[in-house]
Amino acid sequence: MDAYYLDFETYGKGQSPDPSTDRIITIQFQRMELETGNALGKLTILKEWEGSEAEIVCSFLKHFLSNNPWDFIPVGFNLNFEYHFLRTKAAHLCGTKISERYLYYERPYIDLKSTVVMMNEGVFRGAKLSKFSGKEQNGNVIAGYYEEGDYASIEKYIVDEADAFLKFYSDLLLILSFTGKILLKPKNRQINHGMGEV
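Residues numbered from 1 in each chain as written. Predicted model: local features only at pLDDT ≥ 70, side-chain atom pairs only at ≥ 80, totals over all residues. Heavy atoms only, no water.

(A) View of the side chain of Glu-82. Checked against the element boundaries, Glu-82 lands in helix α2 (residues 79–94). In this view, Glu-82 contacts Asp-7, Phe-8 and Phe-77; residues no more than four positions away in its chain are not counted. (Helix = DSSP H or I, 4+ residues; strand = E, 2+ residues; numbered from the N terminus. Contact = heavy atoms within 4.5 Å.)

(B) A look at the pattern of salt bridges. By the definition in use, this model includes nine salt bridges. A salt bridge links Asp-171 to Lys-167, with the nearest nitrogen and oxygen atoms 2.7 Å apart. In this pair, Asp-171 and Lys-167 are both assigned in helix α7 (residues 151–183), four residues apart and thus about one turn of the helix distant. Shared partners join several salt bridges into a network, and the residues in it are Lys-47, Glu-50 and Glu-155. (Salt bridge = Lys/Arg side-chain N within 4 Å of Asp/Glu carboxyl O.)

(C) Looking closely at α7. Between its terminal C-alpha atoms α7 stretches 47 Å, which fits the 48 Å expected from 33 residues at 1.5 Å a residue. For α7, every residue scored as buried is listed here: Ile-154, Tyr-157, Ile-158, Glu-161, Ala-162, Ala-164, Phe-165, Leu-166, Phe-168, Tyr-169, Ser-170 and Leu-172. (Expected span 1.5 Å × (residues − 1). Buried < 20%, exposed > 50% of the residue type's maximum accessible area, 1.4 Å probe, protein only.)

(D) Local environment of the packing of helix α6 (residues 141–148) against α7. The interhelical angle for the contact between α6 and α7, taken along N-to-C directions, is 150 degrees, at an axis separation of 8 Å. Judged by the inter-axis angle, α6 sits roughly antiparallel to α7. Residues Val-141, Ile-142, Tyr-145 and Tyr-146 of α6 form the contact with α7, whose own contacting residues are Tyr-151, Ser-153, Ile-154 and Tyr-157. Class assignment for the residues of the contact of α6 with α7 results in seven nonpolar, one polar and no charged. (Axes fitted to C-alpha atoms, helices over the stretch in contact; angles between N-to-C directions. Parallel < 35°, antiparallel > 145°, perpendicular 65-115°, else oblique. Nonpolar A, V, L, I, M, F, W, Y, C, P; charged D, E, K, R; others polar.)

Listed below in structure tokens is the structure:
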């Protein structure tokens, strides 16, 4: 069972992301330990500017798709975005059809988006990784860097974001696992509210 931090960077000129017109410019993934959030290998960054979009997508599919879905468990933030792009691009560029059922029901994955919404008091607006982690920049800077050919800044952004995500995952894991231990009380333990345990 292997877990991987997973994230894509995309480029497009429309108001909202659209995999039919926008490009995937990087795919980054890093093996990690689910129980701690520690990195278990180096961050891999597949870069469109070093080849083509088709090359990085088809190359990634060799890592992502296998006979055993537990060989690559994606861990990320708002993985719906990555999955939407991946399904569209895999079919168009690599001739590989990936069903929604396969992604959402047959493969394990961990998406922290829902947790961050709860941390944001149940409010979707503003529920961003940058609000609760050490991530300093918003992904909106990527388009400008890409248009300027400033690939070094894109790579720095990606490395910083990956580090911030793993640290956030690790911190969150400690908090939630502690909370889980509190909530999993033995069945014979009774609480008399206002008087402690009985």
